Every structure is written in C-alpha cells, then in structure tokens.
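# What the coordinates show
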Amino acid sequence: MSFEFFHPFGTPNFIAALAMFLWIPFVFLLFRALPTQRAIVIAFIIGTLFLPEVQLIIPGFPDYTKISAASYVILIYTLVSKDSYRIRQFRLHWFDIPMLIWCITPFFSYLANDLSSYDALSATLEQTMKWGVPFFLGRIYLNDVPGLRNLAIGIFAGGVAYIPFCIFEMRMSPQLHMILYGGFPHDSFAQAVRGNGFRPTVFVRHGLILSFIMITALVVGVWLWKTGILKKIFGIPMVAVIPIFFLTDILLRSTGAYITLLVALVLLFSSVLIFRSNLGPYLVIGGVVFYLFVVITYQNPDITNNIINFLSGFVDPERIDSLKFRFDNENILLEKAKQQLFLGWGGYGRNFVVKADEWGETKTVVDSLWIITIGSLGLLGLISLFSSVFLPVISLLNTKSPVKVWDKAEFAAPGVLSLVLLMYSVEILVNAPVLPHITLIMGALTGYVLAPNRRNSSWGGRTKLAISSSVSSTT
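Here we summarise the structure given alongside this text. (Residues numbered from 1 in each chain as written. Predicted model: local features only at pLDDT ≥ 70, side-chain atom pairs only at ≥ 80, totals over all residues. Heavy atoms only, no water.)

## Brief notes about the overall build of the protein
Our working rule: Here a strand is any run of E in DSSP of at least two residues, a helix any run of H or I of at least four, and the numbering for each starts at the N terminus. Throughout, exposure labels follow a simple rule: accessible area from a 1.4 Å probe, protein chains only, divided by the maximum for the residue type, with under 20% read as buried, over 50% as exposed, and the rest as partly exposed. Whether two residues touch is decided by their heavy atoms; if any such pair falls within 4.5 Å, the residues are in contact. The Shrake-Rupley method, run with a 1.4 Å probe sphere, supplies the accessible areas, and residue values consider only the shown protein chains as cover.
Regarding its fold elements, the protein presents 19 helices and 9 strands. The buried share of the protein, reckoned over its 475 residues, is 56%. Sequence-distant contacts, at least 24 apart, represent 75% of the contacts inside the protein between residues at least 6 apart. On the protein, roughly 20,300 Å² of surface is accessible, and the fraction owed to carbon and sulfur atoms is 66%.

## A look at the packing of helix H7 (residues 145-172) against helix H17 (residues 436-450)
Rule in force here: For every element, the axis is a line fit to its C-alpha atoms; helices are fit only across the contacting stretch, and the angle between N-to-C directions ranges from 0 to 180 degrees. In this scheme, roughly parallel covers angles under 35 degrees and roughly antiparallel covers those over 145, while 65 to 115 is roughly perpendicular and the rest are oblique. Left-handed is the label given to a crossing in which the near helix is rotated counterclockwise from the far helix by less than a right angle, and right-handed is the label when the rotation is clockwise. Polarity classes work like this: nonpolar for Ala, Val, Leu, Ile, Met, Phe, Trp, Tyr, Cys and Pro, charged for Asp, Glu, Lys and Arg, and polar for all others, with Gly in that last group.
Closest axis-to-axis distance for the H7/H17 pair is 10 Å, and the angle between their directions is 160°. Comparing the axis directions of H7 and H17 gives the class roughly antiparallel. Read as a crossing pair, H7 and H17 show a hand that is left-handed. Touching Val145, Leu148, Leu151 and Ile155 of H7 are His437, Leu440, Ile441, Ala444, Leu445 and Tyr448, all from H17. Split by residue class, the contact of H7 with H17 holds 9 nonpolar, 1 polar and no charged.

## Quick notes on the side chain of serine 376
One can find serine 376 in helix H15 (residues 369-398). Non-local contacts of serine 376, meaning those with residues more than four positions away in its chain, are made with Ser109, Leu343, Gly344, Trp345, Gly346 and Asn351.

## A look at the side chain of serine 401
Checked against the element boundaries, serine 401 lands in the loop between H15 and helix H16 (409-427). Once you skip the residues sitting within four places of it in the chain, serine 401 turns out to touch Leu396, Trp406, Phe411, Pro414 and Tyr448.

## A look at the packing of helix H12 (residues 279-298) against H16
It is the contact of H12 with H16, at a shortest axis distance of 10 Å, that shows an interaxial angle of 20°. Considering the angle they form, H12 stands roughly parallel to H16. Pair H12 / H16 crosses with left-handed handedness. Residue-level contacts link Pro281, Val284, Ile285 and Val288 of H12 to Leu422, Ser425 and Val426 of H16. When its residues are assigned to classes, the contact of H12 with H16 shows 6 nonpolar, 1 polar and no charged.

Below is the structure:
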C-alpha cells in the first residue's frame, strides 16, 4: 500500500493518514448515534468538506479517497447491519439505467483501446465507488420528503460551517490543508491568487470546486428560509446567516460562480413565484443539450468566440482570457475525441493531445468534466452522465413536484435539490467537480420519484416553527 497526494505540494503527515483511518469508526458511530438518514447526509458532507485530499492505493481495489470514503463505509454498514433489507428490496428500474451505463462504460472503453481487462475492471470499480454507490445509497435511504429535507439542510449546514474557514483563507491565503494535513491539495498555488487577495480552497481540491459548493449551499439555504423550513441554523437566526453567506460567496473571487448564483436565484424565484411554470428548468436542460450538440457536431471556433465576445462586455479581461484558453484547449481535445467518438480513449491520459511549445512537449489542459468524459469514455459516457443528471429532474417536474408547488414546505427540498442538479449540469461544462453529495441528490430524487405517493403528516399538520426548531437543535 502507499499513501500519497493527488497533486504533491508537500508530504501528507500523520494527521492526514489518521483522519482517513479514523473515518471508518467515526461513520459507524454516526449510525449508532443518529437516525440513519441524518447519519448518511452528515457522513457525505463532512467527508467532502473536511477529509484530506489524499489517496490510499490498495492493489486490486478502487483507491480510498475522500470521494469514495463515505461510499465505502456506508455500503459496508448497510451490508452488515439490520439495514441490509434495503438492498434485498431494491429493484432496478429503467430510471437507474443511465447511472448503470455511466458506471460500466469504463470497462468497455478500456477494452476497446486494447488495455488489459484488469485495468478495465479497476476503472469500472473506481467509477462505481465515486458515482454508483452514492447514487444507490441516496436511492434506497433518502427517497422520501424527510430524507430530501435532511439532505438539503445538510448541504446548507456544511456551507455555513465553511464560512469561517473561507474568511480565514481569504486573508491568510489557502493554508489550512497545508497546516493540518501537510500538503497543498492542488498542483498550482498561483491559481489561488486573485488580484490583491486569495481564492480559498480550505480542504477541497480547488477554489473553483469550493465556489460551487458554497453557491449551491447558499441557494438551498435561501429557499429553505423562504419556504419557512429553516428559521435557525446552529442556533443562529437565518436572517443573520444569509447576508453573511452572501458576502462570503461574493469574496470567493470566482466570476463563474457569481454568474451561476445570480442566474440560479433569478430562475428559482421567477419560475416559482411569478411564472409558476416548468419552462425555466426545461430551458436550462435544453440550453445545455443544445450547447453540447452544436459544439460536438459543428466544432466551429466561431461558436466559442461569440460566447467570449458576449461576456467581454461585463466580465474582467483576465477571466475572459482564462475562458478563451479553456475553449481553445477543448477544441484541440475534441478533435482527438472524435477519433474514438463512441467509447473514447480509455484511461492513462490517452485522451490528451501532446503538443510542442517553447518549453518542450506539454499536454493540453483540460478543465471541464464534459470534455474529459467524451475524450476518455466517448459519447456513451457523455450521454449517460448528463442523462443521470437530467432524468431525475425531468421526472420530478412531471410527477410529484412541478415548479408551481416548490414554495410549499413539502416540495421545497425536492425542488431546490433539482435546481442544484441543473446548476451542476452547467458547472461541468466549464469545470470538473466530482462531488458525492451531488450524486447522492441524483439517487435520492430518483428514489423519491419512484416511491409510492405518501404524505408525511409532520409536513402537513404541524407548524413550520416546530420543524425548524428541531433542525436548528440537531445541526
């Protein structure tokens, strides 16, 4: 076995190793001390936000990382505990097919590229631990209104807990991972420098990932507050927390996050309170699909140039140059991807393009999950990924929770979590966050749609104040 950083910028210390090993008994204790749904949510949120960016390499098994840590432990708990009946009762539905295909595509992609069956199986297991297991756990555990409410509250509570750490690193620079775990989680500290300040990373891999986590948490919190579900968090009134959260997000120094946050809030409030229509979410889905279709089919630089010209009017020139750099690299990578369009190039960086420059040979830079996916897993992987994101949202809008009821307490959590998935679909067009709690949302909403209609009396008959009081005392 070996214990190492994804992108070495120092050496992981004893605390990093200890945190990863103690995580296993910690999660088991969570399940002993808390209701199951709440324990699952807390495990995934804490794991994502506070475990170190390290990996434990175990030959023959998927790497043990912060992304897979909660999946490993909760799956083991489910198998050995009284909750094992949930697995026995699980029935595969066609709604699960996109995620199933997404998990097994690496196997066929690797074999199609003459890589060994061992490599193909290892890649498939790793994909399954990162994506399939969180989806499955959300599907069997969080498939009702209380489960979705716990998930929404957990996402917001995690963001609130991160506020003081973000503020610290805005002033002192991203040092917390280095101080506590002995290494910087990213390969370029320079990317954390923005103007006269710093873009925090705290304990996640990159500042852009942190920004997405924080803006989605804020959107969730605003809607839980607006619908009366939460009046306090950690004993602090929401009327005080929300403005501080807004200010924190503004200071994260991520232009893309600002735009996403603004558009998400406008979409949420206008769709629910003004138009009372599913049109807004469908426009987002249609826009993402149309963008991918046009870019892949025509691959015309004029398309991305028009986007650049449109944004140039109100976005900082430095950020425009960064976006243009991404688009230029994506055009190069897409050209390579089209040579193996259906199943991609498999692993080991075969989807990259090596080019010569004044420093020698360098690989193209890849930033977005969609271009990584089409390059390594082809169209099959790309379609299954976006289908896994969109299908729960479309199903929800057409069955249990159309937009017009999202302002009611019972449907607020399913509604705002489906909006988070829409935000994620846009985010992976420009960045590459792999976040287990997002996949947990996919599974939870799928399970919710497939579950029999059932009303929870605590949502219909008890006062909202009673609900929010119990939440603030336990989070």
